[in-house]
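Close look at the chain arrangement
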Amino acid sequence: MGWIGKLLNGGDEKNKAAPVTAAAAPEMIRQPASITEIDAIYYRWLAAAGSAQASAQAEQQILDELTRLAREPIAGAALVPRIPAIIPQLMRTLQNENMSAAELSRQLAQDVLLVAEVYREANRPRYHSRYNASPSINNMEGAIMLLGQNGMRMLLARVAFRPIVSMQSGGLTIRTAPLIWRQSEKCALAANLVAPAMQANAFDAYLAGLMANVGLVVAFRLIDQMHAPDAFPQSDAFIAQVFAQARILSVRIAELWEFPASVTNAIEHAGVDADTDPQAQALALGDRLSKLRMLVDTGRFPADDPFVMAGLGKSELLVFDKLADDEDDEE
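Residues numbered from 1 in each chain as written. Predicted model: local features only at pLDDT ≥ 70, side-chain atom pairs only at ≥ 80, totals over all residues. Heavy atoms only, no water.

**Side note on helix 1 (residues 35–47)**
Put simply, the rule is: Comment: elements are numbered from the N terminus, with helices defined as DSSP H or I runs of at least four residues and strands as E runs of at least two. Any helix carries an expected span of 1.5 Å times its number of residues minus one. Relative accessible area decides the class of each residue, using a 1.4 Å probe on protein chains only: under 20% of the type maximum gives buried, over 50% gives exposed, and in between gives partly exposed. We call two residues in contact when some of their heavy atoms are within 4.5 Å.
For helix 1, spanning 13 residues, the distance from its first C-alpha to its last is 18 Å, which sits close to the expected 18 Å at 1.5 Å a residue. Buried within helix 1 we find Ile 38, Asp 39, Ala 40, Ile 41, Tyr 42, Tyr 43, Trp 45, Leu 46 and Ala 47. Turning to helix 1, the residues buried within the fold contact helix 9 (171–194), helix 11 (214–226), helix 12 (236–256), helix 14 (278–297) and helix 15 (306–309). Ala 48 sits one or two positions beyond helix 1 and adopts a positive phi of about 50°.

**Here we look at the environment of Arg 106**
Locating Arg 106 in the fold gives a position in helix 5 (residues 101–108). For Arg 106, a relative accessible area of 47% puts it in the partly exposed group.

**Here's the deal with the nonpolar core**
Our working definition: Here, nonpolar core refers to any group of buried Ala, Val, Leu, Ile, Met, Phe, Trp, Tyr and Cys residues whose side-chain atoms link them within 4.5 Å.
In terms of nonpolar packing, the biggest core is built from 97 residues, with Leu 108, Met 152, Met 211 and Phe 220 touching the most fellow members. Of the residues forming this core, the biggest block, 13 residues, is contributed by helix 8 (residues 140–161). Leaving out residues up to four positions away in the same chain, Leu 108 has contacts with Leu 90, Leu 114, Val 115, Val 118, Met 140, Ile 144, Met 152 and Leu 156.

**Some thoughts on the pattern of salt bridges**
Selection rule: We define a salt bridge as a contact between a side-chain nitrogen of Lys or Arg and a carboxyl oxygen of Asp or Glu at a distance within 4 Å.
For the coordinates displayed, the defined rule picks out nine salt bridges. Residue Arg 68 is joined to Glu 65 by a salt bridge in which the shortest nitrogen-to-oxygen separation is 2.6 Å. Highlighted residues: Arg 68 and Glu 65, both in helix 2 (residues 56–71), separated by three residues, approximately one helical turn. If you follow the salt bridges from partner to partner, you end up with Asp 39, Asp 287 and Lys 291 in one network.

All quantities given are derived from atomic positions and should not be read as evidence of function.
Okay, here's the thing in structure tokens:
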């Protein structure tokens, strides 16, 4: 990429000083990539965009429609399914620090898919090794106790949002939906892990990570429907506006779905003025780490590439490593 170079002495050949050795030459410092740079690479990778560029007029038509949906969030929300009705009830129960495993078990029993998901999560090998649990959990209360309050919160949040990005329509949506969902999970986990150091609420950061990409799903569905087959909208200015408008739409849909203000505020400010809000800081860092992790795990960059590593401290690198694809990933 040419971000690291050696500084050599100049001058004519006759009077030229001995060249600086590789060991002694200072390295030029690669500045951390901006989120705009990361988004542009991430977008083109997501869409598997070719070289043919859509016209400025075609790009503007897509942006105009996305802007309209941001002003009319009910219309935007109609493009993604509402979270299951039982989820808000379960979340309220989980907010109670003195929650009853028996009561939560009774509520869960109303949704067979949720029951299956709880058993699946509780029987993951990582829980058995971590807590010396029984090789197989076969009752709901035992599964709830094993996962704990925070584990149940994150599990239910994942299950609630999974259908949002599993919808399939055109070819672009089919390609991007599972990738966006995977990045959303990684973003949520990263935001959850970095939140305590930023004095942010870890679970709210997790919810914000899952919710932040809802508008992007809508954006890709619009692109899917509106772009010409022989040219793809991918100018730098277009991509920047897509992410900006998609974030606004995510906020509006989150408000429509009555998410906590701390979650909607984090999404709104993460892309513009994250320094003013610890929740936004956690989300912005989670978004950055998760997108870089996706680009590394899929071979777009090597893990030690300066584009990836620049600006990441020890704690960020530890989280980055935790996001790597392995047997403990949620999917």
